[in-house]
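The primary structure of each chain is shown beneath.
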Amino acid sequence: MAVIRDIYNYLEQIAPSRYKMDFDNVGLLIGDEERNADRVLVALDITGEVAQEAVGWGAGLIISHHPVFFTLKDVTASDPIGRRVMFLIENRCAAICMHTNLDAAYKGVNDALANALCLADTMPLGYFGDDSAGTIGIGRIGSLAHDTPLPEFLRSVKTALNSNGLRYYNAGKPVRRVAVGGGSCGDYFKYAAEKGCDTFVTADIKYDVFLQAKEAGINIIDADHFSTENVIVPVLAADLSKRFPQTQFRISLTHGPTAEFYI
């Protein structure tokens with residue numbers, strides 16, 4: 001049986017903490033690395049529901065993309081995050097979080113997003129460099145096998161990402177060379193434009209970025225933060241299951257968004 005330290009060390013090989021952005025908080029954020037990990041829950045977020053699910057299932061560890069906390073000055077029952085941290089500690093459930101380091105890593109969030117959208121010959125959108133694990137960078141650029149009308153591509157994005165809905169700007173161009181950025185990557189639009197992309201898929205797109213897309217003549221699609229990042233969860237769970245066959249890894253059933261779309 002693996003201990004938490006074994007799993008953490010393996011995750012550090014996949015997405016080293018040194019890849020993280022300055023604002024971020026990643027790594028083993030709660031728990032004892034020497035404890036056994038016979039059951040592990042994998043989730044995008046550690047919400048109160050996810051914490052309850054993990055403890056109810058008997059998991060000793062949650063692995064999530066988004067940090068359970070960024071900066072804490074105190075941990076008290078008067079604050080939702082504090083209550084969550086206290087609950088996990090009281091129930092001896094650890095938390096490992098891999099955020100922007102997993103965004104940047106080779107075979108991380110953005111490679112999973114590019115693969116889900118059937119993009120080939122991918123490269124980083126925002127380039128950081130290379131190391132022994134592969135190419136490091138936020139976002140990816142790749143190509144479809146053939147020119148695709150935007151309405152057809154929109155349907156394929158919605159289906160592939162299991163999104164409830166899409167916001168988009170139609171520049172009147174077919175889709176072929178596509179940039180993607182899991183989560184809030186609207187600030188990377190300039191790189192998509194500079195590198196000749198006809199389409200950019202990301203989430204949380206602000207009004208001014210839609211205006212920039214119109215001026216640049218580029219299709220832009222807001223496919224939802226959760227949907228553009230959740231693609232990594234099954235990939236990560238499958239990889240860890242192969243690496244640690246004596247440990248049970250389960251994808252959270254409760255970590256989805258609560259927002260609904262009015263149609």
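These lines cover the structure that appears in this document, whether it is placed above or below. Fair warning: this is a prediction, and the values are worked out from it, not measured in the lab. (Residues numbered from 1 in each chain as written. Predicted model: local features only at pLDDT ≥ 70, side-chain atom pairs only at ≥ 80, totals over all residues. Heavy atoms only, no water.)

1. What about the pattern of salt bridges?
Counted according to the given criterion, the structure contains five salt bridges. Here Glu34 makes a salt bridge to Arg5, at a shortest N to O gap of 2.5 Å. With a gap of 29 residues between them, Glu34 in the loop between strand 1 (27-30) and strand 2 (39-43) and Arg5 in helix 1 (residues 4-14) connect regions that are remote in the sequence. Close ionic contact of Arg140 with Asp111 constitutes a salt bridge, the shortest N to O distance being 2.9 Å. Taken together, the residues span a long stretch of sequence, with Arg140 in strand 6 (residues 134-148) and Asp111 in helix 5 (residues 109-116) at a distance of 29 residues. Comparing Arg140 with Asp111, the two get one shared label, buried. (Salt bridge = Lys/Arg side-chain N within 4 Å of Asp/Glu carboxyl O. Helix = DSSP H or I, 4+ residues; strand = E, 2+ residues; numbered from the N terminus. Buried < 20%, exposed > 50% of the residue type's maximum accessible area, 1.4 Å probe, protein only.)

2. Looking at the pairing of strand 3 (residues 61-64)
With burial as the criterion, each face of strand 3 is covered, one bearing Leu61 and Ile63 and the other bearing Ile62 and Ser64. In this region the chain leaves strand 2, passes through helix 2 (residues 48-57) and returns to the parallel neighbour strand 3; the handedness of that crossover is right-handed. Pairing of strand 3 with strand 4 (residues 94-97), which is carried by four bridges, proceeds in the parallel orientation. Looking at strand 4, one finds that Leu61 is bridged to Ala94. The β-α-β motif built from strand 3, the intervening helix 3 (residues 80-90) and the parallel element strand 4 has right-handed crossover chirality. (Right-handed = clockwise from strand over helix to strand, strands pointing away. Pairing = 2+ DSSP bridges.)

Remember, this is a structural readout, not a statement about activity or role.
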